[in-house]
Amino acid sequence: MENRRSIDTRCRVLRVFSLLAAAAVMIAFLTTAGGIFVKGIPEFTSGLFSYIYTERNFSLFPSLIGTFYMTAGVLLIAAPLGGITGLWLSGFSLEDRTYRIISILIDCLNGMPSILYGLYGFLFFVVFMGIGYSLLSGILVLIILILPMIIRISEKAFRSVFCMYRETGEALGISRVSMLRHVVMPQAFPDITAGIILSAARISGSAAALLYTSGTVAQIPGSLMDSGRTLAVHVYLLSSEDTEGGSVYAAMVILVLITGILNELAFYIIGRRKHE
């Protein structure tokens, strides 16, 4: 009886600490986001969305287009490659030695700081391969950065499909291709989609890896070999260039809205999937 009371007391204490921690995080987020919006919204002008960037308007339009190009280019290659790799890994047993080695490598890559990817991309793509500061260099290094995340999410999505579905399909004599197309993919697709959207949010907020690869030119890239900056790089550079600090807050408002909408969309898809 005393042991049960002791456990209940500990649970209540942990619950209180959890609520306090959640409240502290929410207050910190609302305070930071509120400060950004209060300082950034008044700086919204027509010049902020001009087609050409100048030192007077600090236009973020070229950075928005650069972010779109970068995200689309990365996901165009990383999404199918990561999904196929995740499907392949889901066929391994969790106790398989090969799987454990590959899993450790993926987790190590997933936990590496983005600045290390940027340095690697600079040395290999920019210098060794001679691509230079370009949109292509940034896309290639972000593919390497985001692949572990998509692979892990895809693998978990495929593993979450109940074994009963697979066993039922085999019992009915359905081929593996048909079972994958009509049974496994429809069940795993929402989770994979949510993972790809989260990956897009991470790409939109990446700056360190792109400073050494895609460059910092404030113009709309005309080709894959042209240099350009994303919105995250734009915010970083303005924080050191803009002495008044108004335009950097305006750019931060757009960046917060983009990443926030993408994250909320991903969580909506996951929540809807759980309620089905």
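For the structure itself, consult the block above.
A. Expanded view of the overall build of the protein. When you go through the protein residue by residue, the secondary structure sums to ten helices and zero strands. Mapped from its N terminus to its C terminus, the protein presents α and β elements in the order α-α-α-α-α-α-α-α-α-α. Its C-alpha atoms give the protein principal-axis dimensions of about 65 × 55 × 35 Å. Among the 276 residues that make up the protein, the fraction classed as buried is 39%. Taking the contacts inside the protein whose residues are at least 6 apart along the sequence as the reference set, 72% of them involve residues at least 24 apart. Of the charged side chains in the protein, 20 are positive and 17 negative, and the gap between their average positions amounts to 9 Å.

B. Inspection of the packing of helix H5 (residues 135–160) against helix H7 (residues 176–204) at higher detail. Relative orientation of the contacting elements H5 and H7 amounts to 155°, with a least axis distance of 9 Å. On the basis of the axis angle, H5 is roughly antiparallel to H7. Read as a crossing pair, H5 and H7 show a hand that is right-handed. Packed against H5, whose contacting residues are Leu142, Leu145, Ile146, Met149, Ile150, Ile153, Ser154, Ala157, Phe158 and Ser160, the element H7 presents Val184, Met185, Ala188, Asp191, Ile192, Gly195, Leu198, Ser199, Arg202 and Ile203 at the interface. Taken together, the residues of the contact of H5 with H7 break down into 14 nonpolar, four polar and two charged.

C. Representation of the nonpolar core in the model. By size, the foremost hydrophobic cluster in this structure holds 50 residues, and its most contacted members are Met70, Val74, Ala78, Leu142, Ile146 and Ile203. Sorting the residues of this core by element identifies helix H2 (61–90), helix H3 (97–111), helix H4 (114–128), H5, H7, helix H8 (208–211), helix H9 (231–241) and helix H10 (246–275) as the ones contributing at least two each. If we skip the residues at most four places from it in the chain, Ala78 touches Gly83, Ile143, Ile146, Leu147 and Ile150. Of all hydrophobic cores here, the second largest spans six residues; its members include Ala157, Val161, Val184 and Ala188.

D. Examining the environment of Val126 more closely. Examined against the element boundaries, Val126 turns out to sit in helix H4. The class for Val126 is buried, based on a relative accessible area of 10%. On a C-alpha basis, the gap between Val126 and Ile115 in space is 15 Å, while along the polypeptide they are eleven residues apart. The residues touching Val126, leaving out its near neighbours within four places in the chain, are Gly121, Ile131, Gly132, Tyr133, Ser137, Tyr212 and Thr213.

E. The pattern of salt bridges, seen in detail. Per the stated rule, a full pass over the model turns up three salt bridges. Note that Glu155 and Arg152 form a salt bridge whose closest N and O atoms lie 2.6 Å from each other. Here Glu155 pairs with Arg152, and both are found in helix H5, just three residues apart, close to one helical turn. For Glu155, the salt bridge goes to Arg159, with nearest N and O atoms at 3.0 Å. Of this pair, Glu155 and Arg159 both sit in helix H5, four residues apart, which is roughly one turn of the helix.

F. Looking closely at a nonpolar patch on the surface. Taken together, Val13, Val16, Phe17 and Leu20 make up a surface patch of nonpolar side chains, about 390 Å² in accessible area. Locating Val16 in the fold gives a position in helix H1 (residues 2–40).

G. A look at the packing of H2 against H7. For the pair H2 and H7, interaxial distance at closest approach is 10 Å and the crossing angle is 145°. Like other packed secondary-structure pairs, H2 and H7 cross with a definite hand, here right-handed. Residues Thr67, Met70, Thr71, Val74, Leu75, Ala79 and Leu87 of H2 pack against Leu180, Ile196, Ser199, Ala200, Ile203 and Ser204 of H7.

H. How the structure looks around H5. The end-to-end C-alpha distance of H5 is 36 Å, a good match for the 38 Å that 26 residues give at a rise of 1.5 Å each. Among the 26 residues of H5, 19 are classified as buried, and the element is accordingly described as predominantly covered.

I. Quick peek at the side chain of Ser227. Tracing the sequence through the fold places Ser227 in the loop between H8 and H9. A polar atom in the side chain of Ser227 sits 2.7 Å from the backbone oxygen of Ser214.

J. Fine view of the packing of aromatic side chains. In the structure shown here, the tally under the stated rule is nine aromatic pairs. Ring geometry for Tyr51 against Phe61: centres 6.0 Å apart, planes inclined by 40°, an arrangement best described as tilted. Here Tyr51, found in the loop between H1 and H2, pairs with Phe61, found in helix H2; they are ten residues apart in sequence, far enough to count as distant. The exposed category is assigned to Tyr51, whose relative accessible area is 58%. A ring pair is formed by Phe68 and Tyr69, whose centres lie 6.2 Å apart and whose planes are at 50°; its orientation type is tilted. Overall, Phe68 belongs to the exposed group, its relative accessible area being 55%. Take Tyr69: its relative accessible area is 33%, and that puts it in the partly exposed class.

About the cut-offs
Numbering of residues starts from 1 in each chain and follows the order in which that chain's sequence is written. With the structure being a predicted model, the display of local features is reserved for residues of pLDDT at least 70 and the display and counting of side-chain atom pairs for 80 or more, all residues being used for whole-chain, interface and lining totals. In computing side-chain values, all of the structure's heavy atoms are included and hydrogens and water are not. Helical segments are the DSSP runs of H or I of at least four residues, strand segments are the runs of E of at least two, and each set is numbered from the N terminus. A simple rule labels every residue: compare its accessible area, found with a 1.4 Å probe on the protein chains alone, to the largest value its type can have, and call it buried under 20%, exposed over 50%, or partly exposed in between. Residue contacts are defined here by distance: any two heavy atoms, one from each residue, within 4.5 Å place the two residues in contact. Note that His is not counted, nor are the chain ends; the positive residues are Lys and Arg, and the negative ones are Asp and Glu. Charged groups are reduced to one reference atom each: NZ for lysine, CZ for arginine, CG for aspartic acid, CD for glutamic acid. Structural elements are reduced to axes, namely lines fitted to C-alpha atoms, with helices fitted over the stretch in contact, and the angle between N-to-C directions of any two is expressed from 0 to 180 degrees. For classification, angles of less than 35 degrees are called roughly parallel, those exceeding 145 degrees roughly antiparallel, those between 65 and 115 degrees roughly perpendicular, and all remaining angles oblique. A clockwise turn of the near helix away from the far one marks a right-handed crossing, whereas an anticlockwise turn of less than a right angle marks a left-handed crossing. Charged means Asp, Glu, Lys or Arg here, nonpolar means Ala, Val, Leu, Ile, Met, Phe, Trp, Tyr, Cys or Pro, and polar covers whatever is left, Gly included. Residues belong to a common nonpolar core when they are buried Ala, Val, Leu, Ile, Met, Phe, Trp, Tyr or Cys residues joined through side-chain atoms within 4.5 Å. Salt bridges, as used here, are contacts in which a Lys or Arg side-chain nitrogen is within 4 Å of a carboxyl oxygen on Asp or Glu. By definition, no residue in a patch forms a salt bridge, and every one has over 30% relative accessible area; like charges are joined within 9 Å, nonpolar side chains (Val, Leu, Ile, Met, Phe, Trp, Tyr) within 5 Å. Using a 1.4 Å probe, accessible areas were evaluated by the Shrake-Rupley method; residue-level cover was limited to the displayed protein chains. Between the first and last residue of a helix there are one fewer steps than residues, each counted as 1.5 Å, and that sum is the expected span. Think of a polar contact as two N or O atoms within 3.5 Å of one another; within protein, one of them needs to be a possible hydrogen donor and the other a possible acceptor, and neighboring residues in sequence only count if both atoms come from side chains. Pairing of aromatic rings covers Phe, Tyr and the six-membered ring of Trp, with a centre-to-centre limit of 6.5 Å; geometry is then stacked below 30 degrees between planes, edge-to-face above 60, and tilted otherwise.

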